[in-house]
Amino acid sequence: ETYKTCPLKYKFSEIDKIRTPKSKEAVFGTLLHSALRFMFSRDPLYPTLDEVVNAYLSGWAEFSRKTSWNDEREEKMFREHGVTILKKFYAANQPWNFNVMELESRFALPIRDPDTGETHELVGIMDRIDKPDEGAYEIIDYKTGKRLPSQEKVDRNLQLSIYHAGLLERWPHIREKSIKLSLHFLKHN
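Notes on the structure follow. (Residues numbered from 1 in each chain as written. Predicted model: local features only at pLDDT ≥ 70, side-chain atom pairs only at ≥ 80, totals over all residues. Heavy atoms only, no water.)

**A look at the overall build of the protein**
A tally of regular secondary structure across the protein gives seven helices and four strands. Along its sequence from the N terminus, the protein presents helices and strands in the succession α-α-α-α-α-β-β-β-α-α-β. With the C-alpha coordinates aligned to their principal axes, the bounding extent of the protein is approximately 55 × 45 × 35 Å. In the protein, which comprises 189 residues, the proportion classed as buried is 35%. Approximately 12,400 Å² of the protein is accessible, and the part contributed by carbon and sulfur atoms is 51%. Here the protein carries 30 positive and 29 negative side-chain charges, and the mean point of each set is 4 Å from the other. (Helix = DSSP H or I, 4+ residues; strand = E, 2+ residues; numbered from the N terminus. Buried < 20%, exposed > 50% of the residue type's maximum accessible area, 1.4 Å probe, protein only. Areas by Shrake-Rupley, 256 points an atom, 1.4 Å probe, with all protein chains shown as cover. Lys, Arg positive; Asp, Glu negative; His and termini not counted. Charge placed at Lys NZ, Arg CZ, Asp CG, Glu CD.)

Structure below.
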């Protein structure tokens, strides 16, 4: 998506590895993703809601110091909004009701340039892979943005298409049609 929006920004961040400070929204998203990864990790039991919220708040204490908030009110608003999202998500998605196979699952997808014949590797991380039924798989990606996109835009989501191809590359025995692709917009539940 970054490449489609601005190839130069993609070059600076992904090829030249020029790092810029994370935005408030990026920190918020990172901390929510981390809390959800913890929520679906069984060690040996799934964490309680309080443990998930505490993990989020612990991360918040560490990362928020490195973020430039406009004022304390703004920082508090972001933090509390995250707690609200986690409480609603937990109530609707108790972790023991899902058959989670992998969290933060890495993949590498070889892509051949038809013009040059060169092969490049596209790598990524899928938030969650579930196995809801025998022979069925679901790739779930969490979104923390403010806007809920149209169904048409969701249906053409490049990221999920790449994840689909990445899962088929990793697990070639899976039937292509047995994979469900899901975006979960956390702010909109």
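**Let's talk about the pattern of salt bridges**
A full pass over the atoms with the stated rule returns ten salt bridges. Between R79 and E75 there is a salt bridge, with the nearest N and O atoms lying 2.9 Å from each other. With a gap of four residues between them, R79 and E75 both fall in helix α5 (residues 72–92), about one helical turn apart. Among the residues examined, E75 registers a relative accessible area of 15% and is labelled buried. (Salt bridge = Lys/Arg side-chain N within 4 Å of Asp/Glu carboxyl O.)

**Things to note about the packing of helix α3 (residues 24–39) against α5**
Packed helix pairs are specified by the crossing angle of their axes together with the interaxial distance, meaning the distance between the axes. Between α3 and α5, the shortest axis-to-axis distance is 11 Å and the interhelical angle comes to 30 degrees. Between α3 and α5, the angle falls in the class roughly parallel. As for the relative orientation of α3 and α5, their crossing is right-handed in sense. From α3, K24, E25, F28, L32, A35, L36 and M39 reach across to α5, where they touch E74, F78, H81, G82, I85, L86, F89 and Y90. Of the residues assigned to the contact of α3 with α5, the class counts are ten nonpolar, two polar and three charged. (Axes fitted to C-alpha atoms, helices over the stretch in contact; angles between N-to-C directions. Parallel < 35°, antiparallel > 145°, perpendicular 65-115°, else oblique. Left-handed = near helix turned anticlockwise from the far one by under 90°. Contact = heavy atoms within 4.5 Å. Nonpolar A, V, L, I, M, F, W, Y, C, P; charged D, E, K, R; others polar.)

**Looking at helix α4 (residues 49–63)**
Between its terminal C-alpha atoms α4 stretches 21 Å, which fits the 21 Å expected from 15 residues at 1.5 Å a residue. Among all positions in α4, only V52, V53, Y56, G59 and W60 are buried. Buried positions in α4, seen along its axis, are confined to an arc of 125 degrees and lie on one side of it. (Expected span 1.5 Å × (residues − 1). Arc of directions from axis to C-beta.)

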